[in-house]
Amino acid sequence: MYDFLNPESVEEFELQVVRKKLTEELVRLEPDAQKEIEELIQFTSEMAFIHDPSARDEMARKIFERTNMVADFVGKIAQAHPITQAVATAVKGALKLELQRMENNAQIATVHTTMTTTVFHLSYLIRVPDSEEKKLESALTVLCKSIAEAVHRFGEFAHTYHIHWHKIYKTVFSIHHKTTLEDFDNQFKKLKEDMNNMFQSVANVQLFKLVNNTNEILRKLEPLDPKEVAARKFMESKGGPDKVMQDPTLLDKMGEILGERITHGMKGIFRDGYAAHLNRHRHHYRMKHDAVSSLLSDTRTDSGPNLAYSRGFLHGFWLGAPKEVSFTLIQDEEFRDLWLKNSWKATIECRLFVEALHEGYYKRLHSDPKDKEAPRITPEDEWTLEYLSRAMYYSAISDVIDDDASGYISALELNSFLQSKRLCLPKWTKPQYLAFWAAGWCNNNVWYYGKINTMVEELVDSMHKVWITPCATRKTIKGIMTSLEHLILAVDCPTINNAQTPPQLARLQEEYRKHEEDTIEANLTKIEGHIVDDPAILTVIEDKRIELHIMPLLYLLTKRLHDSLKGLIRLKKIHPDELTKLEELAESFSVVFSAFDHRLYDLCRGWRFEAKDVGMQVNRYADGLFKKYYSEPKKYHKACKDLRNCLFGEGHRLPRHFRLHLHAQHKSPSEWDTMNTLEQRVRDLEDRLSGRSIAASIFRFFAQRITWSWPGKIKGE
């Protein structure tokens, strides 16, 4: 029996009810998860007999989709059985990174199948009585720790495999890759066997019989690229991978066969060997895994938040909370009261949100200071009302809170903004948050743009005056700088007169610049200043929205580039290690530009779905940060292509997550002529109808509709 006057007894009762509900949900979801497992095994078996590269990639994509669905089910198990949380966190993070890469490698997908079927066996816990689970607690804790550690090590391998995407690595390290994958496959099978043996000791638990001969499948999955096959034959004819790795001349010859440029950095990695190559990126993977895991709403690092969430869910829905509960999702008391007072639902238009805030702050300061429902503000922050009262700043405030740029703020988006340590400094007040993002952030961007532009101009001018030896090195450096000159300045920032900035806002700008630079510089140092993929950007900026942090990131990368090149220009010669650092910096800029492109592409898709004028939204969003790139994509695509050809050779094949998505959006001259002709015909017809106002108004309405839809037809949208 429970003593409902005792808080501990009430808490125990709540947890029992929550666990019962979660178990019922797991029983309902388990058949679907088991079906996904069966399809997963079927797809993996079929993949071994597919010899078309695109068809094999498509099958691997289906495998990763199924593994992600099963991982969601394992996350549900962790909510009901917190002892398995470490496994759920490891699996979800590893899969999230894999899905971000979109590489769909068949061998790695095969081992993911074995890993997923192993962790799926944790569903045995659904049928294990509480009393029996307590008996297994010690053994299960050790087993879950072993599984989580195995998942992390496999993730480290997959991460290293993918970030070194060049064919030369895949070819020279092919034997090591094959052996490592087979070892992981066998390890996961052994862990699954240990789990089965443990659960067999529990009565009334029937074990699943899942047969999947992944060892045989891995042996059949040979490379399909003719260049890789030819390079392997050449490597074997020269004494094997160990011989080739230590001979720069043979590596250059391998690069010619594969159509890739072998850089000094690549030769250094081969010289150090496979083990050192893997160990170097072990720490980088854990950092990226933690950064990605923090964005997964259904995966937490400990059981506490799960239980708290479930109990809130229990109070809010299972025990009869009112239907209008959207305001209860707001975790900040001030904004929750504001949301409730205005009877807002799950989302609210940004303009109404800012107007209500301004009204509340003004009322607290002037009309009724004792009004407890009004948001809190002190007289020292009265200057912020200037930015909340003017419609020109509404868009900027909306952009930072509204993740999807829809023009509406949701309760969850507001929570995310207020809780973000990257967007809101702890010592600031809420009115200061809003004032900074209304005007201070774009002022900072202008400051960064000026500094970046000055450094780039200085470097380009110096490169024309100095001769660096050897000649091949000078050609590489010149090629890098020619491309970077355009890419670094692809971000658009208008000129602003900072003399009009009030001192209070100027102080916030300086504090935020220091906060940004300290955070990004520290994280860049941890990953050795080399950004290789999107998770690395997430790790560095500690946020998923690159547009909010791209200017300080570009500033710090340009500063590193400036310091490095100025030393080379002064000495007029370069050490191979210094050239490697320069090449890594150039690759970092390329990855940042790809992320910038992908973010704009996602934003444009959202605006099209909402039937908005995409060009107008691009000009407005984030103070026009994407405007220059959107209007001249071909120019920057060419610069990016030239940079990558300079770094990797013209025969390289970029990973999917590096490929640019935004196609040329501008119209050709002939298309502009067509538009001008159409507009002239519309004006002529309007003149004819000018005497009949109603008919003219109707015609004008349909003419505008035709004109608005025309750009989409030109672009093939």
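Residues numbered from 1 in each chain as written. Predicted model: local features only at pLDDT ≥ 70, side-chain atom pairs only at ≥ 80, totals over all residues. Heavy atoms only, no water.

1. A word on the overall build of the protein
Tallying secondary structure elements over the protein gives 31 helices and two strands in all. Across the protein, the fraction of contacts at a sequence separation of at least 24, relative to all contacts at a separation of at least 6, is 78%. Of the roughly 34100 Å² that the protein leaves accessible, carbon and sulfur atoms contribute 53%. (Helix = DSSP H or I, 4+ residues; strand = E, 2+ residues; numbered from the N terminus. Contact = heavy atoms within 4.5 Å. Areas by Shrake-Rupley, 256 points an atom, 1.4 Å probe, with all protein chains shown as cover.)

2. Focus on the packing of helix 4 (residues 106-120) against helix 5 (residues 130-163)
The geometry of helix 4 relative to helix 5 is characterised by a closest axis approach of 12 Å and an angle of 165° between their N-to-C directions. Between helix 4 and helix 5, the interaxial angle falls into the category roughly antiparallel. Crossing of helix 4 against helix 5: the hand is left-handed. Facing Ile108, Val111, His112, Met115 and Val119 of helix 4, the residues of helix 5 in contact are Ile147, Val151, Phe154, Ala158, Tyr161 and His162. Residue composition of the contact of helix 4 with helix 5, by class: nine nonpolar, two polar and no charged. (Axes fitted to C-alpha atoms, helices over the stretch in contact; angles between N-to-C directions. Parallel < 35°, antiparallel > 145°, perpendicular 65-115°, else oblique. Left-handed = near helix turned anticlockwise from the far one by under 90°. Nonpolar A, V, L, I, M, F, W, Y, C, P; charged D, E, K, R; others polar.)

3. What to know about the packing of aromatic side chains
Counting across every chain of the model gives 32 aromatic pairs. A centroid spacing of 5.2 Å and a plane angle of 65° characterise the contact between phenylalanine 173 and tyrosine 274, whose relative ring orientation is edge-to-face. Of this pair, phenylalanine 173 sits in the loop between helix 6 (167-172) and helix 7 (174-200) while tyrosine 274 is found in helix 13 (residues 274-280), placing the two residues 101 residues apart along the sequence. This pair shows no difference in class: phenylalanine 173 is buried, exactly as tyrosine 274 is. (Phe/Tyr/Trp six-rings, centres within 6.5 Å; stacked < 30°, edge-to-face > 60°. Buried < 20%, exposed > 50% of the residue type's maximum accessible area, 1.4 Å probe, protein only.)

4. Details of helix 4
In a regular helix each residue adds 1.5 Å, so 15 residues correspond to 21 Å; helix 4 covers 21 Å between its end C-alpha atoms and thus fits that length. Burial of helix 4 is extensive: 15 of the 15 residues sit out of reach of the surface. The N-capping residue of helix 4, defined by a side-chain oxygen 3.1 Å from the backbone nitrogen of glutamine 107, is asparagine 105. (Expected span 1.5 Å × (residues − 1). Polar contact = N/O pair within 3.5 Å; in protein donor to acceptor, adjacent residues only side chain to side chain.)

5. As for the side chain of arginine 513
Mapped onto the elements of the fold, arginine 513 is located in helix 23 (residues 503-526). Comment: no salt bridge for buried arginine 513; closest opposite-charge side chain is glutamate 510, at 4.8 Å. Apart from residues no more than four positions distant in its own chain, arginine 513 is found in contact with Asn444, Trp447 and Tyr448. (Lys, Arg positive; Asp, Glu negative; His and termini not counted. Salt bridge = Lys/Arg side-chain N within 4 Å of Asp/Glu carboxyl O.)

6. Some points on unusual backbone geometry
Unlike most non-glycine residues, alanine 405 shows phi in positive territory, near 55°. Mapped onto the elements, alanine 405 comes out in the loop between helix 19 (394-401) and strand 2 (408-410). A positive phi angle, near 50°, is found at alanine 622, a position not held by glycine. In this structure, alanine 622 sits in the loop between helix 27 (614-620) and helix 28 (627-631). With a relative accessible area of 4%, alanine 622 lands in the buried category.

7. Notes on the nonpolar core
Core analysis: the biggest nonpolar cluster contains 119 residues, and Phe353, Phe417, Ile531 and Leu561 have the highest contact counts within it. Here the element with the most residues in this core is helix 21 (residues 430-465); it accounts for 18 residues. Non-local contacts of phenylalanine 353, meaning those with residues more than four positions away in its chain, are made with Phe335, Leu338, Trp344, Ile348, Ile401, Ile409 and Leu414. Residues Leu97, Val128, Leu218 and Ile262 belong to the second largest nonpolar core, which totals 86 residues. (Core = buried A, V, L, I, M, F, W, Y, C linked by side-chain atoms within 4.5 Å.)

8. Re the environment of valine 119
When you line up the elements, valine 119 lands in helix 4. In this structure valine 119 comes out as buried when scored by relative accessible area, which is 1%. Through-space distance from the C-alpha of valine 119 to that of valine 87 is 7.6 Å; in sequence the pair is 32 residues apart. Residues contacting valine 119, with those up to four places away along its chain left out, are Val74, Val87, Val91 and Ile147.

9. Details of the confidence of the model for the protein
For the protein, per-residue confidence averages 80 on the pLDDT scale, and 80% of positions sit at 70 or higher. Per-element mean pLDDT across the protein ranges from 40 in helix 15 (residues 303-318) up to 94 in helix 23. Ignoring residues within four places in sequence, the model shows residues 297-325, a span with pLDDT below 50, making 38 contacts including any to other chains. Confidence drops under a pLDDT of 50 for residues 706-717, and excluding neighbours within four residues, the segment shows 13 contacts in the predicted structure. (pLDDT = per-residue confidence, 0-100.)

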